[in-house]
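What the coordinates show
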Amino acid sequence: RRRRGGRMEVFTEAWEDTKGQRVPHIAKPWAAICLLLNIFFPGIGSAVAGIMEKKWSTLLIGVLQLATCWIVVGWIWSIYWGYLIAYYATG
């Protein structure tokens, strides 16, 4: 019997979120803060947005951005993800 909410499901959801560019929809002031965090501290803004929305796949994406920022890929990914968070921010 398969367990719901397992670790592999979080990885699969993170992969699907990344491919589909699905970001959390948070309030505009928080989105601006997350964008700035992602620019200066790669992945931290994504992780904060994931925690705010209780979306563990986005938290994982933030951790992966932080882990890969030293090869620049994570930093660019983090900035782009921060931009998407700000773009899709609500009210």
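Here is what the cut-offs are and how they apply
- Residues numbered from 1 in each chain as written.
- Predicted model: local features only at pLDDT ≥ 70, side-chain atom pairs only at ≥ 80, totals over all residues.
- Heavy atoms only, no water.
- Helix = DSSP H or I, 4+ residues; strand = E, 2+ residues; numbered from the N terminus.
- Expected span 1.5 Å × (residues − 1).
- Phe/Tyr/Trp six-rings, centres within 6.5 Å; stacked < 30°, edge-to-face > 60°.
- Buried < 20%, exposed > 50% of the residue type's maximum accessible area, 1.4 Å probe, protein only.

Look at helix α1 (residues 7–20): 20 Å from first C-alpha to last across 14 residues, which is about the 20 Å you get at 1.5 Å a residue. Positive backbone phi, approximately 50 degrees, marks Gln21, located one or two places after α1.

Under the definition given, this model contains 3 aromatic pairs. Ring plane angle 90 degrees and centroid distance 5.0 Å describe the contact between Tyr87 and Tyr88, whose orientation is recorded as edge-to-face. Taking the relative accessible area as the measure of exposure, Tyr88 reaches 37% and is therefore partly exposed. These aromatic residues form a ring-pair network of at least three members: Tyr80, Tyr83, Tyr87 and Tyr88.

Its identity as a non-glycine residue notwithstanding, Lys54 has a phi of 55 degrees, on the positive side. Position of Lys54 among the secondary structure elements: in the loop between α3 (44–53) and α4 (56–68). A residue is classified by how much of its surface remains accessible, and Lys54, at 66% relative accessible area, is exposed.

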